[in-house]
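# Working through the structure, step by step
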Amino acid sequence: MATRYWIVSLPIQNNSSPSSLWSRLQESISKHSFDTPLYRFNIPNLRVGTLDSLLALSDDLLKNNSFIEGVSHKIRRQIEELEKVSGVVSSSLTVDGVPVDSYLTRFLWDEAKYPTMSLLREIVDGIHTQIAKIEDDLKVRVAEYNNVRSQLNAINRKQTGSLAVRDLSNLVKPEDIVTSEHLTTLLAIVPKYSQKDWLASYETLSTYVVPRSSKKLYEDNEYALYTVMLFSRDADNFRTKARERAFQIRDFEYNSETQESRKQELEKLMQDQERFRSSLLQWCYTSYGEVFISWMHFCAVRIFAESILRYGLPPSFLSAVLSPSVKSEKKVRSILEGLCDSSNSTYWKTEDEGPVSGFGADADAHPYVSFTINLI
């Protein structure tokens, strides 16, 4: 699929017709740039309105196109991210059931959605309002999804981080903790390189430590997790002495209800994440199609308005879609320019043959209306 297209319009001279100009364009492209796809871009007779209204509209066309194109790309990137996260094989996006590029190259105006008797300003403003609402909805839905992801990531960090910070509840079993009226069990985080030091010294860190009570429960890349049993009244003193030797005593209390609650919370968050992800992905598929349809109708209005301001009334121009390769661009530009009358061509050139900026230009000006759209 091509990702970059030109939408152009060529003026129809008095001694020509749309069909004859189209034939000349087809013949020139096939002869001199046969690898350049070429399609008609069918635009209905829209309501022109006054020259002042067209001039006022022209100021907003480029800005609105950038906005619509930006929202389209945001949704596409969100789809790609969601598909990657979920392991879904990325598929070609469709608009009304057809591939995106096919919708563009076979564009047909939707009279029911955009009545041709409406003012051009009304059509453009309606499209802008619709796209702005979709963008707002996207922000809300992405925020909901990211909020759940952040909560899950926070839990995962606690479960997968180093022993110095991670949640220990899934590493400690009930039988590892001995608690009585006078005895308590502490959990010590010992640097891996200090394990011999721990085993040799823990019994003497304070007076009331139960001999040979330390047991290693777990080890990661940096630390080892040990238990130690001692008299409850000596716990604070043991913590202080352990800290002086770079042993960290982690506060921990085993509670089966808390364990079950955390498990349920994790399961709910995982379900919520999948629900939000699936919902957001489906919404993005649908909304991308809506945005693309609106974008192509906007492009039709734009090429129509720019052509009227360039060529005058009554409307007499041929619009087309091309997708030249980078190496063919200069040749295709020359072909298009050759199909414009010489006076118009001279008018849009400077004395040194360099291009000048023209109405609504998002690139160099040409003796015909042209702008580029990027699908990705």
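Look up a bit, the structure's there.
Residues numbered from 1 in each chain as written. Predicted model: local features only at pLDDT ≥ 70, side-chain atom pairs only at ≥ 80, totals over all residues. Heavy atoms only, no water.

### What to know about the nonpolar core
Here is the rule we go by: Among the buried residues, those of types Ala, Val, Leu, Ile, Met, Phe, Trp, Tyr and Cys that are joined through side-chain atoms within 4.5 Å form a nonpolar core. Burial classes: relative accessible area under 20% of the type maximum marks a residue as buried, over 50% as exposed, and values in between as partly exposed (1.4 Å probe, protein chains only). Secondary structure is summarised from DSSP: a helix means a run of H or I of at least four residues, a strand means a run of E of at least two, and numbering begins at the N terminus for each. Contacts are residue-level and defined by heavy atoms, with any inter-residue pair within 4.5 Å sufficient.
Ranked by internal contacts, the top residues of the largest apolar core, which has 74 residues, are Leu-25, Phe-41, Phe-292 and Ile-373. Examining the composition of this core, we find that 19 residues originate from one element, helix H7 (residues 256–311), more than from any other. With residues up to four places along the chain from it excluded, the contact list for Leu-25 reads Leu-10, Leu-38, Leu-318, Ala-320, Ile-335, Leu-336 and Leu-339. Ranked by size, the runner-up nonpolar core spans 16 residues in total, among them Leu-186, Val-190, Leu-230 and Phe-247.

### Details of the pattern of salt bridges
Definition in use: Between Lys or Arg on one side and Asp or Glu on the other, a salt bridge is scored when a side-chain nitrogen of the former is within 4 Å of a carboxyl oxygen of the latter.
For the coordinates displayed, the defined rule picks out 18 salt bridges. Between Glu-27 and Lys-31 there is a salt bridge, and its shortest N-O distance comes to 3.9 Å. Pair noted here: Glu-27 and Lys-31 are both in helix H1 (residues 18–32), with a separation of four residues, about one helical turn. Its relative accessible area of 46% is what places Glu-27 among the partly exposed residues. Its salt-bridge partner being Arg-149, residue Glu-81 comes within 3.2 Å of it at the nearest N-O pair. Residue Glu-81 is found in helix H2 (residues 51–86), and its partner Arg-149 is found in helix H4 (residues 120–160); the two are separated by 68 residues along the sequence.

### A short note on the environment of Thr-116
Here Thr-116 is to be found in the loop between helix H3 (100–105) and H4. Under the relative-accessibility criterion, Thr-116 is labelled buried at 13%. Residues contacting Thr-116, with those up to four places away along its chain left out, are Pro-44, Asn-45, Leu-46, Arg-47, Trp-109 and Glu-111.

### Thoughts on the packing of H2 against H4
Let me state the cut-off plainly: Helix axes are fitted only over the stretch in contact, all axes being lines through C-alpha atoms; the angle between N-to-C directions runs from 0 to 180 degrees. Orientation categories follow fixed angle ranges, with anything under 35 degrees roughly parallel, anything over 145 roughly antiparallel, 65 to 115 roughly perpendicular, and all other angles oblique. Helix crossings get a hand from a simple test, with the near helix turned counterclockwise from the far one by less than a right angle marking a left-handed crossing and a clockwise turn marking a right-handed one. Three classes are used: nonpolar for Ala, Val, Leu, Ile, Met, Phe, Trp, Tyr, Cys and Pro, charged for Asp, Glu, Lys and Arg, and polar for all others, with Gly counted as polar.
One can describe the packing of H2 onto H4 by two numbers: an axis separation of 10 Å at closest approach and a directional angle of 25°. Judged on the interaxial angle alone, H4 and H2 are roughly parallel. Judged by the twist between their axes, the crossing of H2 over H4 is left-handed. Per-class residue counts for the contact of H2 with H4 are 19 nonpolar, three polar and six charged.

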